[in-house]
Protein chains: 4
Amino acid sequence: MRFSMTDEIATEDEPARRSIGAKRNPDSAEAILEAAEELLRDKGYAGFSIEAVAKRARAGKPTIYRWWPNKTALLLEVYQRQKGQVDYSDTGSIEEDMFRFMKSLFHQWRETQTGEIFRSLVAEAQQDDAALKALAHYAGTRRGRTRQIVERAQKRGEVRADVMPEVVADLLAAYAWIHLLTDRLYESDETIRAAVAVIANGIKS
Amino acid sequence: MRFSMTDEIATEDEPARRSIGAKRNPDSAEAILEAAEELLRDKGYAGFSIEAVAKRARAGKPTIYRWWPNKTALLLEVYQRQKGQVDYSDTGSIEEDMFRFMKSLFHQWRETQTGEIFRSLVAEAQQDDAALKALAHYAGTRRGRTRQIVERAQKRGEVRADVMPEVVADLLAAYAWIHLLTDRLYESDETIRAAVAVIANGIKS
Amino acid sequence: MRFSMTDEIATEDEPARRSIGAKRNPDSAEAILEAAEELLRDKGYAGFSIEAVAKRARAGKPTIYRWWPNKTALLLEVYQRQKGQVDYSDTGSIEEDMFRFMKSLFHQWRETQTGEIFRSLVAEAQQDDAALKALAHYAGTRRGRTRQIVERAQKRGEVRADVMPEVVADLLAAYAWIHLLTDRLYESDETIRAAVAVIANGIKS
Amino acid sequence: MRFSMTDEIATEDEPARRSIGAKRNPDSAEAILEAAEELLRDKGYAGFSIEAVAKRARAGKPTIYRWWPNKTALLLEVYQRQKGQVDYSDTGSIEEDMFRFMKSLFHQWRETQTGEIFRSLVAEAQQDDAALKALAHYAGTRRGRTRQIVERAQKRGEVRADVMPEVVADLLAAYAWIHLLTDRLYESDETIRAAVAVIANGIKS
DNA sequence: ACCTAAGCGAGACGGTACGTCTCGTCTTGCG
DNA sequence: CGCAAGACGAGACGTACCGTCTCGCTTAGGT
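Anyway, here's the lowdown on the structure attached to this text.

Cut-off values and rules
Residues numbered from 1 in each chain as written. Chains lettered and ligands numbered in written order. Predicted model: local features only at pLDDT ≥ 70, side-chain atom pairs only at ≥ 80, totals over all residues. Heavy atoms only, no water. Least-squares fit on C-alpha atoms with pLDDT ≥ 70 in both. Contact = heavy atoms within 4.5 Å. Buried area = accessible area lost by both parts, 1.4 Å probe. Salt bridge = Lys/Arg side-chain N within 4 Å of Asp/Glu carboxyl O. Near = heavy atom within 4 Å. Polar contact = N/O pair within 3.5 Å; in protein donor to acceptor, adjacent residues only side chain to side chain. Helix = DSSP H or I, 4+ residues; strand = E, 2+ residues; numbered from the N terminus. Buried < 20%, exposed > 50% of the residue type's maximum accessible area, 1.4 Å probe, protein only. Nonpolar A, V, L, I, M, F, W, Y, C, P; charged D, E, K, R; others polar. Arc of directions from axis to C-beta.

**Side note on the relation of the copies chain B and chain A**
- Of the transformation placing chain B onto chain A, the axial shift is 0.1 Å and the rotation is 180°, giving an RMSD of 0.2 Å. The transformation relating the two chain copies, once decomposed into turn and shift, fits a two-fold axis.
- Taken together, the interface assignments show that 100% of the residues at the interface of chain B recur at the interface of chain A, consistent with an identical surface on both copies.

**Focus: the interface of chain B and chain A**
- In this assembly, 35 residues from chain B lie in contact with 36 residues from chain A.
- Taken together, both faces of the contact between chain B and chain A bury some 3200 Å²; the carbon and sulfur share is 70%.
- Where chain B packs against chain A, one counts two salt bridges.
- The residue aspartate 170 of chain B makes a salt bridge to arginine 184 of chain A at a minimum N-O spacing of 3.0 Å.

**Digging into the protein's contact with DNA strand E**
- Around DNA strand E lies a shell of 55 residues, among which Lys61 and Pro62 of chain A together with Gly21, Pro62 and Tyr65 of chain D are the nearest.
- Among atoms of DNA strand E positioned within 4 Å of the protein, sugar and phosphate together represent 62%.
- One nitrogen or oxygen atom from the side chain of lysine 61 of chain A is found 2.5 Å from a base oxygen belonging to DNA strand E.
- Between DNA strand E and the protein, one listed contact pairs a phosphate oxygen with a side-chain N or O atom of serine 28 of chain C at 3.2 Å.

**Some details on the protein's contact with DNA strand F**
- Close to DNA strand F lie 54 residues; Asn25 of chain A, Gly21 and Tyr65 of chain B, Pro62 of chain C together with Trp67 of chain D are nearest.
- Here a phosphate oxygen of DNA strand F and a side-chain polar atom of tryptophan 67 of chain A are 3.0 Å apart.
- The separation between a phosphate oxygen of DNA strand F and a polar main-chain atom of glutamate 51 of chain B is 2.8 Å.
- At the level of secondary structure, the elements contributing two or more residues to the surface near DNA strand F comprise α3 (61-67) of chain A, α2 (50-57) and α3 (61-67) of chain B, α2 (50-57) and α3 (61-67) of chain C together with α3 (61-67) of chain D.
- Of the residues forming the surface near DNA strand F, the biggest block, five residues, is contributed by α3 of chain A.

**Here's the deal with the environment of glycine 60 of chain B**
All names here are of chain B.
- Its location among the elements puts glycine 60 in the loop between α2 and α3.
- Taking relative accessible area as the criterion, glycine 60 reaches 33% and is therefore assigned partly exposed.
- As for glycine 60 and serine 19, which are separated by 41 residues in sequence, their C-alpha atoms are 12 Å apart.

**A few points about the interface of chain C and chain D**
- At the junction of the two partners, chain C supplies 36 residues and chain D supplies 35 residues.
- Across the chain C to chain D interface the summed buried area is about 3200 Å²; carbon plus sulfur atoms make up 69%.
- Connecting chain C to chain D are two salt bridges.
- Where chain C meets chain D, there are eight residue pairs in polar contact (both at pLDDT 80 or more).
- For the side of chain C that touches chain D, the secondary structure elements donating two or more residues are α6 (114-125), α7 (129-155), α8 (165-181) and α9 (189-203) of chain C.
- Looking at the side of chain C that touches chain D residue by residue, the classes come out as 23 nonpolar, seven polar and six charged.

**Things to note about unusual backbone geometry**
- Phi is positive for glutamine 113 of chain B, which is not a glycine, with a value near 55°.
- Along the polypeptide, glutamine 113 of chain B turns up in the loop between α5 (94-111) and α6 (114-125).
- Using a relative accessible area of 31% as the deciding quantity, one classes glutamine 113 of chain B as partly exposed.
- In this structure, arginine 58 of chain D takes a positive phi of about 55° despite not being glycine.
- Counting through the fold element by element, arginine 58 of chain D comes out in the loop between α2 (50-57) and α3.
- The partly exposed category is assigned to arginine 58 of chain D, whose relative accessible area is 37%.

**Some details on helix α2 (residues 50-57) of chain A**
Residue and element names in this part refer to chain A.
- Listing the buried residues of α2 in full gives Ile50, Val53, Ala54 and Ala57. Each buried residue of α2 sits inside an arc of 100° when the element is viewed along its axis, so together they form one side. Of the exposed residues in α2, the ones pointing more than 90 degrees away from its buried face are Glu51 and Lys55.
- Next to the buried residues of α2 lie α1 (26-43), α3 and α4 (71-81).
- Positioned one or two residues after α2, arginine 58 has a phi angle of 50°, which is positive.

**Observations regarding the pattern of salt bridges**
Residue and element names in this part refer to chain B.
- Within the structure shown, the criterion is met by 96 salt bridges over all chains.
- As a salt-bridge pair, arginine 152 and aspartate 97 come within 2.9 Å of each other at their nearest N and O atoms. Note that arginine 152 is positioned in helix α7 (residues 129-155) and aspartate 97 in helix α5, a separation of 55 residues in sequence.
- The class of arginine 152 is partly exposed, set by a relative accessible area of 22%.
- By relative accessible area, which is 0% here, aspartate 97 ends up buried.

**Observations concerning the relation of the copies chain C and chain D**
- Once chain C has been moved 0.1 Å along the axis and rotated by 180°, it coincides with chain D to within an RMSD of 0.2 Å.
- When the interface residues of chain C are mapped onto chain D, 97% of them again fall at the interface, so both copies present the same face.

Set out below in structure tokens:
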């Protein structure tokens, strides 16, 4: 999702970008997304304002509005840029697969602070219909990915055929979300395993 | 406190409240909470500003700030005033209990628009640590209530003794939250039942 | 300047005054005027608010409003309590009389900070018609006093009979006021003498 | 800039000013000063608030605060915009010159209501050190202008060489100020002439 | 000795204005 | 034509006082 090959991060001191003619300057776009991401990580959603992003990116506000119709759109793209480092590996045991998925998701949200960004997105979605739609869509997509864990287990007969993978994926995502949103990302392995076990037991043949 | 949708909405024309001496005027408090609630219901979180609440309640801004340190505190109290009309009844079947719980929660959030208020609170909590703490505490309390569904089923032997009721309650709450936050409160009975069944099967003896 | 026989200043700790029955409590009145005066002296007109006066005097706001209809009235009474220690002595020379008058007025305004209070009154009068009227009346009275300097000199033939003493008093007051209002109370003797000399020469027989 | 009383008062209906790029929009500045001036004239100092100015000028409050650090600064600029139409003409007689000066000053203050603005400024200066300084400086400058009346009379021998023109100018200004501040701008010619005569006689050779 | 009337401190009330913040829009002038 | 810059109208934020109101308490003076 991120193709620029250069600098990254570097946000200060240089003599300011200029127009590169009558087309979008990818450096500016990059700097803006970079700045937005940093702000979200450092100060959370509360510190995330277009004004602040523009200042940190050494960009003009209109440049932001030229490419992203509003705050929400920028927020979304920032989130989507995040490389999911979630563990979807197939261990042969659906319970272990789910546990690894959940653990790795918590870990990613915690350690890369992408959780902070996702929280912001959820918050924004409660105010803004566009964000809500985007979030719903995004969540659907992710759920699709998670669903595969169930589907492959179903294929090998570990999971009953009448189970709706979509529903299981929803339960998993829900459990992750509520922990993120109520600041319980440091949940113990024991508890996570217990939660996953309930679901796994509930769907095993 | 307000289930009817028609009654004492009247906010105009009266000769304006006055101080009732060196103590809090409950009428003002009531009017403010009422106004806040209405605003959240009518215009959602985006239309919820102290300024707007004050105007609608015919109250001065300082009167609001005198009793609620900030927007968040007011939001919280508005939500807590909502008397949950959630169905915790004991049908003898944990699965049916859970289904009824979930259905009634979805119904309450949808039909009384308290869902709108709760969404706002979740959003606010992502910006404000105090709100986050309050929300976490509130969620914990509610989870306690939900846990009882599991505990009583455990007592009568319907559910395995090694199941952690807290975890089950968490899964249920999570499923509700994610539907609220992604605007899926109109989920079909079939799907809800499927989700609940997964959990119920996962914990039955 | 202060004739109360007790405490003075002491504004803290005592168990607070109470009503002394169905009549005005002179201690309260005194405490309020005292507090107002101190505030004006210490922080000037900007720090003079009924709220602040009430707090410093350990009085309720209604007690103030019971006896003084508004801020202006209180300000006025505070000023009038100031006993002018202005030198109206008759040296036999109108020029010397005027000089002494001016010097002593500047001195009083400067050293007792009553100048600060008078400045406040002038400021208030520019916003409030009642204060303006009161100020005009007060100024008229004082001018009357000053006029006597001229009249007695006229009687002994030092000043021409066709001179209007009122006008001379006005010129003197004006000179004093403009120095107060533009923070020039530290004017040199030389300059003051020169100003007075102009007037004296202008009216001598 | 505004001597007519009828023209471009129009403040309503137009489609509202916009930014003209990264530089001050003179139209806005003009509209703000205009609005401030009108408010002072119409309602006096008491009706002069940044909020009211913003509303009348159809400007945002921050636009005002961007260019004037506070109320006082705006007040000052409003006053300084007023082109003095005071009569400094040389009739050959210092007494007549002074009389004309005084009459025209009273007239201007009365008829153009710039007196109202100046009164406000004097009031403000009693609360705000910056305003005081500005007022003192302004008064000094004006006094310089007035001093010339004396200096030219001194040159032609009408006034004694040992007279300090500064002091005379001060006396004249003082007389004007006190009349403005105590609402005596309708003073009779007779009285004004008498006052001026005292000074003139006091300085003639 | 009781009762009423009014003053007292306290502090909440509906308001208005303050000065600050961010939103999303607009233009300029350089490249 | 894109860009950095930053002004613009709008309007919410949380604070300070305004002048009014009521409470619950005092005490004085009339009965």
